[in-house]
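The lines below spell out each chain.
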Amino acid sequence: MSADETRDGVRLTNLDGPLFDGAEATKRDLVDYLDTVRDRILPVLRGRALSVIRVRPGQAPFMQKNLPTYAPQWIRRVSVWAEASQRQVSYALCDDRRTLLWFANQRAVEFHPALVLGDRATHLVLDLDPPGDGAFGLAVRAALLVRQALDDAGLAGAVKTSGAKGVHVFVPMAEGVAMDDLAAATRALAARAERLDPALATTAFIREDREGKVFIDSTRAGGATVVAAYSPRIRPGTPVSFPVAWADLDRVSPADFTVRTVPDLLGDGDPWAALMPGPQRLPADLVEEGHTIPVARVQAMHEGKRRTRARRGG
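In this text the structure is predicted, and so the values were computed from the model without any measurement.

Some details on the domain arrangement of the protein
Splitting the protein by domain gives domain 1 (1-113) and domain 2 (116-306). Each of domain 1 and domain 2 was reduced to a C-alpha centroid, and the two centroids are 24 Å apart. Every contact between the two is made by 30 residues of domain 1 and, on the other side, 31 residues of domain 2. Taking both sides of the interface into account, the surface hidden between domain 1 and domain 2 amounts to around 2200 Å²; carbon and sulfur atoms contribute 59%. Interface area lost by domain 1 to domain 2 is led by Tyr33, Arg40 and Arg48, which between them contribute 33%. The shortest N-O distance in the salt bridge between arginine 260 and aspartate 29 comes to 3.1 Å. Taken together, the elements giving at least two residues each to the side of domain 1 that touches domain 2 come down to α1 (27-36), α2 (38-45), β3 (49-54) and β7 (108-113). The residue inventory of the side of domain 1 that touches domain 2, partitioned by class, reads 17 nonpolar, five polar and eight charged.

Here it is, written out as structure tokens:
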């Protein structure tokens, strides 16, 4: 079999080389996987500014936001002002099979779309990060706290493995939600989940304050990204971020879902679309509570400065 081929007008090269150290997969496996699941992954990428994490032989993985100048002109793109770097960033829009294949040929393994579609927030997202590898069971228990907090607020969400060590909970939003209200509601839900079992879960943004608990990250609102459902991850065995029914969450392991196993598990189905509830509006009391909770990153920055002064005796 040739190491090069063409699909949908995209020339694919060096397909038989290892994808990355420990991948247990080749570049061909990546291309074949993404092509097989394209009808599931493209709907969660389409129209969204896309960041990818790429691997090159002999180099550390790197995140690519700005579309390279050598990218084909037929790739759709959107220009977004980046406050951090004070410049316009030209993001790709991965809207079709040809673009997905081009990224696969560039060794783009991880696909991280924006949580906004244009200027509209589409989902409330909580990222549950356990204290270390091998602690997925703790992330599951924390996810069930989040589910309880959602249920108590009259909301419903879908859950997926992150493909790394944690879990993501997505709650689809109705049109018209303000970004600051969405961010506030996310903070409030995280706080409510923490209160359900403070020995298990924490909203502490500073890592040294987490005391071995699962971190409920409430900072993914606004212009943030989250790895897409069905995206591979640059981890040993090339696992995939995969949707799971709530009832099955405590029966699975992240290693169950890889670029080799997922196509057969999916068959003709699209569980992320099937499990996702309909768009919802935010309860007023949730938003009101959230506006009383400090923004985690800002609070952590001020606390970090305070601790630095204290160490210096200032």
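Things to note about the packing of aromatic side chains
Following the criterion strictly, the structure yields seven aromatic pairs and no others. Seen in terms of ring centroids, phenylalanine 170 and tryptophan 272 are 5.3 Å apart; in terms of plane orientation they differ by 80°. Their pairing is edge-to-face. With phenylalanine 170 in strand β12 (residues 167-172) and tryptophan 272 in helix α7 (residues 271-275), this pair connects stretches of sequence that are 102 residues apart. Overall, the relative accessible area of 8% leaves phenylalanine 170 in the buried class. Judged by its relative accessible area of 6%, tryptophan 272 is buried. Among the aromatic residues, those joined into a cluster by ring pairs are Tyr70, Trp102, Phe103 and Phe111. The aromatic ring of tryptophan 74 is capped on one face by arginine 98, whose charged end is 4.0 Å from the ring centroid. The ring of phenylalanine 215 is capped by arginine 210, whose NZ or CZ atom sits 3.8 Å from the centre of that ring.

Here we look at the pairing of strand β14 (residues 214-217)
A two-sided burial pattern is seen for β14, the buried positions comprising Val214 and Ile216 on one face and Phe215 and Asp217 on the other. The sheet contact formed by strand β10 (residues 123-129) and β14 spans three bridges and is antiparallel. Looking across to β14, one finds that leucine 128 is bridged to isoleucine 216. Both strand β13 (residues 201-202) and β14 contribute to a ladder of two bridges, which runs parallel. The residue of β14 that forms the bridge with alanine 201 is valine 214.

Quick word on the packing of helix α4 (residues 136-152) against helix α5 (residues 179-196)
The contact between α4 and α5 brings their axes to 8 Å, and the two run at 115°. In the crossing of α4 with α5, the sense of the turn from one axis to the other is right-handed. Here Leu145, Val146, Gln148, Ala149 and Leu150 of α4 lie close against α5, whose contacting residues are Leu189, Arg192, Ala193 and Leu196. When grouped by side-chain class, the residues that make up the contact of α4 with α5 number seven nonpolar, one polar and one charged.

Some remarks on the environment of valine 214
As for its placement among the helices and strands, valine 214 is situated in strand β14. Assessed through its relative accessible area of 0%, valine 214 is described here as buried. Distance in space between the C-alpha atoms of valine 214 and arginine 147 is 15 Å, their sequence separation being 67 residues. What valine 214 contacts, discounting residues up to four positions off in sequence, is Leu128, Asp129, Pro130, Pro131, Leu138, Ala139, Ala142, Leu200, Ala201 and Thr202.

Regarding the nonpolar core
Ranked by internal contacts, the top residues of the largest apolar core, which has 89 residues, are Phe103, Phe111, Leu124 and Leu128. Both domains that meet at this core, namely domain 1 (1-113) and domain 2 (116-306), each give it at least three residues. Setting aside chain neighbours within four positions, we find leucine 124 in contact with Val169, Phe170, Val171, Met173, Leu182, Ala185, Thr186, Leu189 and Leu282. Counting residues in each nonpolar core, the second largest holds six residues, with Ala49, Val89, Ala114 and Val116 among its members.

So, the sheet that holds β14
Within the open sheet, the six strands sit side by side as β13-β14-β10-β12-β11-β15. Their pairing is mixed. With partners counted over all chains shown, the strands left at the sheet margins are β13 and β15 (243-244), one partner each. On top of the sheet, α4 reaches β10, β11 (158-161), β12, β13 and β14; it is set at about 20° to β12, its chief contact. Contacting β10, β13 and β14, α5 runs over the sheet at an angle of about 40° to β10.

Focus: the UniProt feature "domain: DNA ligase D polymerase" (unreviewed entry) in the protein
The UniProt feature table records "domain: DNA ligase D polymerase" (unreviewed entry) at residues 26-272. For residues 26-272, helix accounts for 28% and strand for 23%, while the C-alpha atoms at its two ends are 26 Å apart.

Looking at unusual backbone geometry
Excluding glycine, residues mostly carry a negative phi; peptide bonds, for their part, are mostly trans. A positive phi is found at aspartate 8, a non-glycine position, where the angle reads about 50°. For asparagine 14, which is not glycine, the phi torsion reads 50° and is therefore positive. Note on asparagine 14: relative accessible area 51%, which makes it exposed.

Thresholds, definitions, all that
Residues numbered from 1 in each chain as written. Predicted model: local features only at pLDDT ≥ 70, side-chain atom pairs only at ≥ 80, totals over all residues. Heavy atoms only, no water. Domains from an automatic or database assignment. Contact = heavy atoms within 4.5 Å. Buried area = accessible area lost by both parts, 1.4 Å probe. Salt bridge = Lys/Arg side-chain N within 4 Å of Asp/Glu carboxyl O. Helix = DSSP H or I, 4+ residues; strand = E, 2+ residues; numbered from the N terminus. Nonpolar A, V, L, I, M, F, W, Y, C, P; charged D, E, K, R; others polar. Phe/Tyr/Trp six-rings, centres within 6.5 Å; stacked < 30°, edge-to-face > 60°. Buried < 20%, exposed > 50% of the residue type's maximum accessible area, 1.4 Å probe, protein only. Lys NZ or Arg CZ within 6 Å of the ring centre and 35° of its normal. Pairing = 2+ DSSP bridges. Axes fitted to C-alpha atoms, helices over the stretch in contact; angles between N-to-C directions. Left-handed = near helix turned anticlockwise from the far one by under 90°. Core = buried A, V, L, I, M, F, W, Y, C linked by side-chain atoms within 4.5 Å. UniProt positions renumbered as here; feature names shortened; annotations may be inferred.

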